[in-house]
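# Structural features, examined
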Amino acid sequence: MAVVTLGSAKHFDVTQYSASPGGSFDSNKQAFLDAWQSVCEFNGDATLVVPTGTFQLAPLVFAGPCKPGQRKFKILGTLVAPSDGSKEHESWIEFRELHEIVVEGGGVLNGQGANAWSQKKKNMPISLHFIKVNNGRITNLALKDSKGFHIAIHQSVNVVIRAIDITAPSDSPNTDGIHISGSSQVRITGVTIGTGDDCVSIGPGSYNIIIANVRCGPGHGISIGSLGKYQDEENVAHINVRNCTIAGTTNGLRIKTWPGTSTTSQAYNITFENIKLENVTRPIIIDQEYCPNDQCNSNEPSKVKLSGISFKHIQGTTNSPDAVTLKCSKLVPCKDVRLIDIDLKPLFSSLVNKFDSICSNVLGLALGIQKPNPCLHH
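In this text the structure is predicted, and so the values were computed from the model without any measurement. (Residues numbered from 1 in each chain as written. Predicted model: local features only at pLDDT ≥ 70, side-chain atom pairs only at ≥ 80, totals over all residues. Heavy atoms only, no water.)

### Here's the deal with the overall build of the protein
Scanning the protein from terminus to terminus reveals two helices and 28 strands. A principal-axis box enclosing the C-alpha atoms of the protein has dimensions of 70 × 40 × 40 Å. Here the protein, with 378 residues, has 51% of them falling under the buried criterion. When the accessible surface of the protein is totalled, it reaches about 15,300 Å², and 46% of it is carbon and sulfur. (Helix = DSSP H or I, 4+ residues; strand = E, 2+ residues; numbered from the N terminus. Buried < 20%, exposed > 50% of the residue type's maximum accessible area, 1.4 Å probe, protein only. Areas by Shrake-Rupley, 256 points an atom, 1.4 Å probe, with all protein chains shown as cover.)

### Overview of the environment of Asn 213
Counting through the fold element by element, Asn 213 comes out in the loop between β17 (207–212) and β18 (215–216). As for Asn 213 and Thr 192, which are separated by 21 residues in sequence, their C-alpha atoms are 8.8 Å apart. When residues no more than four places from it in sequence are discounted, the contact partners of Asn 213 are Thr 189, Gly 190, Val 191, Arg 242, Asn 243 and Cys 244. (Contact = heavy atoms within 4.5 Å.)

### Examining unusual backbone geometry
Pro 218 follows Gly 217 through a cis peptide bond whose omega is 0 degrees. Here Pro 218 lies in the loop between β18 and β19 (222–227). The backbone of Ser 18 sits at a positive phi, close to 85 degrees, despite the residue not being glycine. Turning to its location among the elements, Ser 18 is positioned in the loop between β2 (9–13) and α1 (25–41).

### Some details on the state of the cysteines
Formally, a disulfide is one covalent bond, and it connects the sulfur atom of one cysteine to the sulfur atom of another. Throughout the structure, instances matching the rule amount to four disulfides. Across the disulfide from Cys 199 sits Cys 216; the S-S distance is 2.1 Å. Torsion about the S-S bond of the Cys 199 and Cys 216 cystine: about 85 degrees, corresponding to right-handed handedness. Residue Cys 199 is located in the loop between β15 (192–194) and β16 (200–202), and its partner Cys 216 is located in strand β18; the two are separated by 17 residues in the primary sequence. We note that Cys 199, like Cys 216, is buried. (Disulfide = S-S within 2.5 Å.)

### A look at the pattern of salt bridges
Going through the model one piece at a time under the given rule, you end up with 10 salt bridges. Lys 312 is the partner of Glu 273 in a salt bridge, and the nearest nitrogen-oxygen pair spans 3.8 Å. Highlighted residues: Glu 273 in strand β22 (residues 266–280) and Lys 312 in strand β24 (residues 305–318), separated in sequence by 39 residues. Assessed through its relative accessible area of 16%, Glu 273 is described here as buried. Put simply, Lys 72, Lys 74 and Glu 104 are held in one network by salt bridges that share partners. (Salt bridge = Lys/Arg side-chain N within 4 Å of Asp/Glu carboxyl O.)

### Thoughts on the pairing of strand β10 (residues 126–144)
Direction of pairing for strand β8 (residues 91–104) relative to β10: parallel, over a ladder of 10 bridges. Pairing of Ser 91 across the sheet is with Ile 126, part of β10. The sheet contact formed by β10 and strand β11 (residues 151–154) spans four bridges and is parallel. Across the sheet, the residue bridging to Ile 131 is His 154, located in β11. Alignment of β10 against strand β12 (residues 157–167), held across nine bridges, turns out to be parallel. When the sheet's bridge partners are listed, Ala 142 is paired in β12 with Asp 165. (Pairing = 2+ DSSP bridges.)

Written out as C-alpha cells, the structure is:
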C-alpha cells in the first residue's frame, strides 16, 4: 500500500491497490473498496485518488461513518460503468452516511446508458448518488450517458454542486441531470446540463435550495416535482432559481403535481428570477394535472397546496402560443402566485395572434411588463 503525504492530508492511489485501466469491472471495484477502507479509517484528512486513464468499475458504495477528517474522492481519469441495462442496483457510485466528503478532480463518469434506455425501464441506476451526507461537495467533473439520473442528493444536508458538465442525448429517458429529495441547504451553481429529462428536479422533502447560473438544454427544463404521487410526502419550501439560461427545452420553469392521489403536502415560497429562455416550448408552467402515460385518476384534483410562487424578470423566446400556463387544482387553488416583468416573444410570426396566457384555479397578481397578456389580475 502506498500512502503519499501532501501537507496534512494523506493520498491513497487506487492503482496501489491493484486497480488498473486494464482491470475488470469487479477487480477494480474491489481495489477501489480496499483503497476506500484505508481512506475511511485514516485519522485525519484523506484523499482517494483515481489517476489518469480509463477504469471499468462495477457498482459500489463508499460508506461511512469514517474517522474524523475530510474525505476527498479525486477523479483525474475516466470511470466507465457496465453497459448492461438490467436494473440490479439503485446507484452506480454511491456515497452514504458521510460527513465532509468532496468528489472532484476534472475526470469523467461515463454511465454507458444506451442499453438501459432502449429497455425503457423506470428507476435505472443513478450515476453519482449522495445518501445521508452532511457537508458534501461535487465539483469539477463531467458526467455523461447515465442509465438513470446523473446526480441525486437524498436525505442530505449542506451539499454544494459546482462546475459540473452533464450530457446525454435529448431522447434518453429519465436521465435527469440533478435530482434533489429529502434534503436541505443544497446549492447548485455554475453547471451545464443537457439531457433527455429535467436538467434539475426538486422532489418531496426539499428545503432551502438554491439553483443559480445553470445552463440547461436540451431537456425538460427546471422542475419542482413531480409532487403528490405517494402518500405522506414531505413539503417543499424555500426554493430559489436564479440567473439561469434555458435553451431548446420542452419546458422552462415548471411545477408539477399529480392528480387523483391522497397526498396533502404543500409547496411554498418558490421563486424563479432573472431567467433567460431561448426557443422553449412551455416557458412558464404550473401543471397540477401532471399525469404521464395516463398513470393516475385525473378525474380527481390534486391535493397538493401551492402558494407563494413568483416568476420574476423572465425573458426570451418560445415556439409555442401558450407561453404562460398556470393550471392549478380546483380543490386547492394556487395562492399568491406572482408574475413580475415577464417578457416573452413568439419565435414565429404565425404565433403572434395566438400568443396567450392560460390560467385556471389560481389567485395572484401580474406586475410590470407582461408579454403575453397576463391571465392574472394586472
